[in-house]
Amino acid sequence: MASEAGADLVGLVGPMPSGAGVQTAETCRSIAASAPAWVTPVLLTSSETAEAIAQDVRFTAVRAVQLVRHVARSVHAALAERLPDVRRFQVIHVEDGGALDLVDHYGTDPDAFILDSGRPSADELGGTGRLHDWEISAALVRRAQGPVFLAGGLNPDNAADALRTVRPFGLDVCSGVRTADRLDRAKLHAFMSAVAEAA
């Protein structure tokens, strides 16, 4: 459904303590195997060590991984060595202005950043449906040395405004295109139409 709507990346939410659309590792592997060639499946993992993350990636056979926890820089270095062909997206949870320090902390280690509205201190790692401060997000986009995706509380009604205000490389949406915890075709197409018009 997402590929038909024009998505470039499809997030597969692996086992984690919170969020919408959580799937078993086996289901993530099955979806990744059936993805069209023009769509990149991305595994969302809450694992924190390079060994565990690499194991998650190898099991699901994805080409990209989204680290939903704030991890040590050494984790990225180890993953780059172990999985040289797998892109790494580092989530930064924008709780306050301290998120700017995290961009500096990671530097150019991740292939991209994803700005989300989770609260790691409460083991809340995404899929909240909440917006965060877009002024901080816009500052993060300007400060980062690589691509930055915006997530957190996005939906068809605010997607265009998000693009104009934050100027991210792309948008990451989850709960904003779901109904009763299932992907909603009408909401998904409305979201993609709003993105296309704004772009």
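Residues numbered from 1 in each chain as written. Predicted model: local features only at pLDDT ≥ 70, side-chain atom pairs only at ≥ 80, totals over all residues. Heavy atoms only, no water.

1. Quick look at the overall build of the chain
The helix and strand tally for the chain stands at eight helices and nine strands. In terms of principal-axis extent, the alpha carbons of the chain reach across some 40 × 40 × 30 Å. Taking all 199 residues of the chain together, the buried fraction comes to 47%. Residue pairs at least 24 apart in sequence account for 55% of intrachain contacts in the chain once pairs closer than 6 positions are excluded. Surface exposure of the chain reaches about 9,600 Å², of which carbon and sulfur atoms provide 48%. (Helix = DSSP H or I, 4+ residues; strand = E, 2+ residues; numbered from the N terminus. Buried < 20%, exposed > 50% of the residue type's maximum accessible area, 1.4 Å probe, protein only. Contact = heavy atoms within 4.5 Å. Areas by Shrake-Rupley, 256 points an atom, 1.4 Å probe, with all protein chains shown as cover.)

2. Describing the sheet that holds strand 7 (residues 170-171)
Pairing is parallel in the open sheet, where seven strands are placed in the order 1-2-3-4-5-6-7. On the outer flanks of this sheet lie strand 1 (9-13) and strand 7, each paired with one strand and no other. Helix 4 (residues 73-82) contacts strand 3 (64-67) and strand 4 (87-93) of the sheet and is inclined by roughly 165° relative to strand 4. This element, helix 5 (residues 99-106), spans strand 4 and strand 5 (112-116) of the sheet and lies at about 155° to strand 4. (Pairing = 2+ DSSP bridges. Axes fitted to C-alpha atoms, helices over the stretch in contact; angles between N-to-C directions.)

3. A look at the packing of aromatic side chains
Here the structure, examined in full by the defined rule, presents three aromatic pairs. Over the face of the ring belonging to Phe 59 we find Arg 29, whose NZ or CZ atom lies 4.0 Å from the ring centre. (Phe/Tyr/Trp six-rings, centres within 6.5 Å; stacked < 30°, edge-to-face > 60°. Lys NZ or Arg CZ within 6 Å of the ring centre and 35° of its normal.)

4. As for the pairing of strand 2 (residues 40-45)
Strand 2 sits mainly inside the fold: six of its six residues count as buried. Across the two faces of strand 2 the burial is the same, with Thr 40, Val 42 and Leu 44 and Pro 41, Leu 43 and Thr 45 all buried. Note: strand 1 against strand 2, five bridges, orientation parallel. In the sheet register, Val 10 faces strand 2, and the bridge partner there is Pro 41. Handedness of the crossover joining strand 2 and strand 3 through helix 3 (residues 50-60) is recorded here as right-handed. (Right-handed = clockwise from strand over helix to strand, strands pointing away.)

5. Thoughts on the pattern of salt bridges
This model, assessed by the stated rule, comprises five salt bridges. With its nearest N and O atoms 3.8 Å apart, the salt bridge here joins Glu 48 to Arg 69. In this pair, Glu 48 is assigned in the loop between strand 2 and helix 3 and Arg 69 in the loop between strand 3 and helix 4, connecting sequence segments 21 residues apart. Owing to a relative accessible area of 17%, Arg 69 belongs among the buried residues under this scheme. Across the pair Arg 143 and Asp 104 runs a salt bridge whose closest N-O atoms are separated by 2.5 Å. With a gap of 39 residues between them, Arg 143 in helix 6 (residues 134-143) and Asp 104 in helix 5 connect regions that are remote in the sequence. Relative accessible area serves as the criterion here: at 39%, Arg 143 is assigned to the partly exposed category. The exposure class of Asp 104 is partly exposed, given its relative accessible area of 40%. (Salt bridge = Lys/Arg side-chain N within 4 Å of Asp/Glu carboxyl O.)

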